[in-house]
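Inside the fold
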Amino acid sequence: MVEQLKFLAADLKRWNCSSFKSLYYMIFEPAVWGTIFYRISRALYLINIPVVKILLRFISFIMFRSSEIVLGIAISPGTEIGPGLYIGHCGMVRIHEAVKAGKNLNIGPGVLIGMRGGGSPGTPVIGDDVFIGVGAKILGKITVGNNVRIGANSVVVGNVPDNVTVFGVPAKVVGPVFNFKKKKV
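These figures come from a predicted structure and were not determined experimentally. (Residues numbered from 1 in each chain as written. Predicted model: local features only at pLDDT ≥ 70, side-chain atom pairs only at ≥ 80, totals over all residues. Heavy atoms only, no water.)

Here we come to the pairing of strand 14 (residues 164-167). Remember that side chains alternate between the two faces of the sheet whenever the strand is regular. Sheet topology places strand 12 (residues 149-150) next to strand 14; two bridges connect them, and they run parallel. Bridge pairing links Arg-149 to Thr-165 in strand 14. Of the strand pairs in this sheet, strand 14 and strand 15 (residues 172-176) are connected by four bridges, and their pairing is antiparallel. Its bridge partner lying in strand 15, Val-166 is registered against Val-173. Connecting the antiparallel pair strand 14 and strand 15 is a turn made up of four residues, with Gly-168 showing a positive phi of about 115°. (Pairing = 2+ DSSP bridges. Helix = DSSP H or I, 4+ residues; strand = E, 2+ residues; numbered from the N terminus.)

Pasting the structure below:
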(Lines give C-alpha, C1' and ligand atoms only; values in the text may rest on other atoms or scores of the structure.)
Protein backbone atom coordinates (compact mmCIF):
# COMPACT_ATOMS: atom_id res chain seq x y z
CA MET A 1 0.00 0.00 0.00
CA VAL A 2 2.78 2.42 0.87
CA GLU A 3 4.43 1.68 -2.48
CA GLN A 4 1.28 2.81 -4.35
CA LEU A 5 1.23 6.09 -2.40
CA LYS A 6 4.88 6.68 -3.40
CA PHE A 7 3.90 5.90 -6.99
CA LEU A 8 1.06 8.45 -6.70
CA ALA A 9 3.54 11.08 -5.52
CA ALA A 10 5.70 10.31 -8.60
CA ASP A 11 2.58 10.53 -10.80
CA LEU A 12 1.63 13.95 -9.45
CA LYS A 13 5.21 15.21 -9.72
CA ARG A 14 5.00 14.71 -13.51
CA TRP A 15 2.39 17.50 -13.67
CA ASN A 16 5.17 20.01 -12.82
CA CYS A 17 3.22 22.46 -10.67
CA SER A 18 5.60 25.41 -10.70
CA SER A 19 2.95 28.14 -10.32
CA PHE A 20 -0.42 28.71 -8.69
CA LYS A 21 -2.05 28.56 -12.12
CA SER A 22 -0.57 25.13 -12.91
CA LEU A 23 -1.52 23.85 -9.45
CA TYR A 24 -5.09 25.09 -10.00
CA TYR A 25 -5.17 23.33 -13.38
CA MET A 26 -3.88 20.08 -11.86
CA ILE A 27 -6.44 20.08 -9.05
CA PHE A 28 -9.35 20.44 -11.46
CA GLU A 29 -8.03 18.14 -14.22
CA PRO A 30 -10.19 14.95 -14.37
CA ALA A 31 -7.23 12.91 -15.63
CA VAL A 32 -5.40 13.63 -12.36
CA TRP A 33 -8.42 12.37 -10.43
CA GLY A 34 -8.48 9.24 -12.59
CA THR A 35 -4.85 8.61 -11.63
CA ILE A 36 -5.61 9.21 -7.94
CA PHE A 37 -8.61 6.86 -8.06
CA TYR A 38 -6.47 4.18 -9.74
CA ARG A 39 -3.62 4.43 -7.21
CA ILE A 40 -5.90 4.36 -4.16
CA SER A 41 -8.01 1.50 -5.53
CA ARG A 42 -4.79 -0.39 -6.37
CA ALA A 43 -3.46 0.15 -2.83
CA LEU A 44 -6.69 -1.20 -1.33
CA TYR A 45 -6.67 -4.12 -3.80
CA LEU A 46 -3.16 -5.17 -2.70
CA ILE A 47 -3.99 -5.42 1.03
CA ASN A 48 -4.14 -9.14 1.79
CA ILE A 49 -5.65 -9.45 5.28
CA PRO A 50 -8.03 -12.46 5.11
CA VAL A 51 -11.45 -11.08 6.15
CA VAL A 52 -10.73 -7.40 5.54
CA LYS A 53 -9.58 -8.19 2.00
CA ILE A 54 -13.16 -8.80 0.83
CA LEU A 55 -14.36 -5.39 2.02
CA LEU A 56 -11.31 -3.56 0.68
CA ARG A 57 -11.61 -5.20 -2.75
CA PHE A 58 -15.28 -4.21 -2.85
CA ILE A 59 -14.34 -0.58 -2.09
CA SER A 60 -11.59 -0.83 -4.71
CA PHE A 61 -14.12 -2.06 -7.26
CA ILE A 62 -16.54 0.80 -6.43
CA MET A 63 -13.71 3.33 -6.92
CA PHE A 64 -12.81 1.71 -10.26
CA ARG A 65 -16.41 1.84 -11.51
CA SER A 66 -16.86 5.42 -10.26
CA SER A 67 -13.79 6.51 -12.18
CA GLU A 68 -15.05 4.72 -15.27
CA ILE A 69 -18.56 6.23 -15.12
CA VAL A 70 -17.71 9.77 -14.02
CA LEU A 71 -14.29 10.34 -15.61
CA GLY A 72 -14.18 7.82 -18.46
CA ILE A 73 -10.93 6.37 -17.12
CA ALA A 74 -11.17 2.61 -16.53
CA ILE A 75 -7.91 1.29 -15.11
CA SER A 76 -8.58 -1.88 -13.17
CA PRO A 77 -7.05 -2.12 -9.68
CA GLY A 78 -5.44 -5.38 -10.82
CA THR A 79 -3.37 -3.55 -13.45
CA GLU A 80 0.33 -3.16 -12.59
CA ILE A 81 1.65 0.26 -13.60
CA GLY A 82 4.95 1.65 -12.34
CA PRO A 83 5.52 5.14 -10.93
CA GLY A 84 5.14 8.23 -13.08
CA LEU A 85 1.79 7.49 -14.75
CA TYR A 86 0.64 10.51 -16.76
CA ILE A 87 -2.78 10.66 -18.39
CA GLY A 88 -2.74 13.83 -20.48
CA HIS A 89 -6.48 14.44 -20.67
CA CYS A 90 -9.66 12.78 -19.58
CA GLY A 91 -11.53 10.77 -22.19
CA MET A 92 -12.22 7.04 -22.36
CA VAL A 93 -9.03 5.31 -21.31
CA ARG A 94 -9.45 1.57 -20.75
CA ILE A 95 -6.70 -0.74 -19.50
CA HIS A 96 -7.24 -4.47 -18.89
CA GLU A 97 -6.48 -5.79 -15.41
CA ALA A 98 -3.76 -8.20 -16.61
CA VAL A 99 -1.68 -5.47 -18.32
CA LYS A 100 1.78 -4.76 -16.90
CA ALA A 101 3.45 -1.42 -17.57
CA GLY A 102 6.71 0.15 -16.44
CA LYS A 103 7.51 3.59 -15.12
CA ASN A 104 6.74 6.92 -16.80
CA LEU A 105 3.82 5.73 -18.91
CA ASN A 106 2.13 8.55 -20.87
CA ILE A 107 -1.41 7.92 -22.08
CA GLY A 108 -3.56 10.09 -24.32
CA PRO A 109 -7.38 10.06 -24.37
CA GLY A 110 -9.14 7.27 -26.24
CA VAL A 111 -6.46 4.66 -25.53
CA LEU A 112 -7.37 0.98 -25.21
CA ILE A 113 -4.87 -1.57 -23.87
CA GLY A 114 -6.01 -5.15 -23.55
CA MET A 115 -6.85 -8.48 -25.14
CA ARG A 116 -7.38 -8.98 -28.87
CA GLY A 117 -10.68 -10.77 -28.44
CA GLY A 118 -12.04 -13.69 -30.42
CA GLY A 119 -10.71 -16.15 -27.86
CA SER A 120 -7.11 -14.93 -28.17
CA PRO A 121 -5.65 -14.88 -24.62
CA GLY A 122 -2.96 -12.59 -23.30
CA THR A 123 -2.42 -8.89 -22.69
CA PRO A 124 0.44 -6.48 -23.44
CA VAL A 125 3.53 -5.94 -21.35
CA ILE A 126 4.70 -2.34 -21.72
CA GLY A 127 8.20 -1.11 -20.89
CA ASP A 128 9.47 2.10 -19.29
CA ASP A 129 9.17 5.62 -20.77
CA VAL A 130 6.43 4.79 -23.28
CA PHE A 131 4.19 7.42 -24.90
CA ILE A 132 0.84 6.21 -26.23
CA GLY A 133 -0.86 8.74 -28.52
CA VAL A 134 -4.52 9.70 -28.69
CA GLY A 135 -6.82 6.87 -29.74
CA ALA A 136 -4.10 4.21 -29.95
CA LYS A 137 -4.94 0.56 -29.35
CA ILE A 138 -2.45 -1.99 -27.98
CA LEU A 139 -3.90 -5.46 -28.23
CA GLY A 140 -2.91 -9.04 -27.50
CA LYS A 141 -0.04 -10.89 -25.90
CA ILE A 142 2.74 -8.59 -27.07
CA THR A 143 5.71 -6.73 -25.64
CA VAL A 144 6.28 -3.01 -26.11
CA GLY A 145 9.90 -2.09 -25.41
CA ASN A 146 11.39 0.79 -23.45
CA ASN A 147 11.47 4.37 -24.74
CA VAL A 148 8.80 3.82 -27.41
CA ARG A 149 6.44 6.36 -29.00
CA ILE A 150 3.13 5.05 -30.37
CA GLY A 151 1.43 7.44 -32.79
CA ALA A 152 -2.16 8.63 -32.58
CA ASN A 153 -4.82 6.14 -33.70
CA SER A 154 -2.23 3.38 -34.22
CA VAL A 155 -3.19 -0.25 -33.66
CA VAL A 156 -0.30 -2.23 -32.16
CA VAL A 157 -0.76 -6.00 -32.53
CA GLY A 158 2.89 -7.11 -32.72
CA ASN A 159 6.00 -6.77 -30.56
CA VAL A 160 7.73 -3.38 -30.56
CA PRO A 161 11.52 -3.10 -29.96
CA ASP A 162 13.17 -0.48 -27.74
CA ASN A 163 13.82 3.13 -28.81
CA VAL A 164 11.49 3.35 -31.81
CA THR A 165 8.45 5.25 -32.99
CA VAL A 166 5.56 3.19 -34.40
CA PHE A 167 2.58 4.42 -36.34
CA GLY A 168 -0.26 3.11 -38.47
CA VAL A 169 -2.85 0.35 -38.72
CA PRO A 170 -1.31 -2.09 -38.04
CA ALA A 171 1.52 -0.15 -36.41
CA LYS A 172 4.91 -0.33 -38.07
CA VAL A 173 8.27 1.11 -37.04
CA VAL A 174 8.69 4.48 -38.76
CA GLY A 175 12.01 5.45 -37.22
CA PRO A 176 13.89 6.13 -34.02
CA VAL A 177 12.29 7.98 -31.12
CA PHE A 178 11.72 11.61 -32.07
CA ASN A 179 13.37 14.03 -29.69
CA PHE A 180 10.95 16.79 -28.64
CA LYS A 181 13.39 18.69 -26.43
CA LYS A 182 13.86 22.36 -27.23
CA LYS A 183 17.15 23.28 -28.86
CA LYS A 184 19.36 25.80 -27.12
CA VAL A 185 19.51 29.14 -28.91
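Resuming the write-up.
This next bit is on helix 3 (residues 30-46). Given a rise of 1.5 Å per residue, 17 residues ought to cover 24 Å, and the 24 Å separating the end C-alpha atoms of helix 3 matches this to within 8%. Among all positions in helix 3, only Ala-31, Val-32, Gly-34, Thr-35, Ile-36, Tyr-38, Arg-39, Ser-41, Arg-42, Ala-43 and Leu-44 are buried. Contacts made by the buried residues of helix 3 are with helix 1 (2-13), helix 2 (20-27), helix 4 (50-71), strand 1 (73-75), strand 2 (80-81) and strand 3 (86-87). (Expected span 1.5 Å × (residues − 1). Buried < 20%, exposed > 50% of the residue type's maximum accessible area, 1.4 Å probe, protein only. Contact = heavy atoms within 4.5 Å.)

Time to look at the sheet that holds strand 13 (residues 155-156). The five strands lie next to each other as 1-4-7-10-13, forming an open sheet whose pairing is parallel. Two strands close off the open sheet at either side, each with one partner strand: strand 1 and strand 13. Sheet topology note: the strand 1/strand 4 (residues 93-95) ladder contains three bridges and is parallel. Following the sheet pairing, Ala-74 is matched in strand 4 by Arg-94. Helix 4 contacts strand 1 and strand 4 of the sheet and is inclined by roughly 155° relative to strand 1. (Axes fitted to C-alpha atoms, helices over the stretch in contact; angles between N-to-C directions.)

Close contact between helix 1 and helix 3 brings their axes to 9 Å; oriented N to C, the two are set at 170°. By the angle between their directions, the pair helix 1 and helix 3 is classed as roughly antiparallel. Helix 1 and helix 3 meet at a crossing whose hand is right-handed. Within the contact between the two elements, helix 1 uses Gln-4, Phe-7, Leu-8, Asp-11 and Leu-12 and helix 3 uses Val-32, Thr-35, Ile-36, Arg-39, Arg-42, Ala-43 and Leu-46. Tallied by class, the residues present in the contact of helix 1 with helix 3 amount to seven nonpolar, two polar and three charged. (Parallel < 35°, antiparallel > 145°, perpendicular 65-115°, else oblique. Left-handed = near helix turned anticlockwise from the far one by under 90°. Nonpolar A, V, L, I, M, F, W, Y, C, P; charged D, E, K, R; others polar.)

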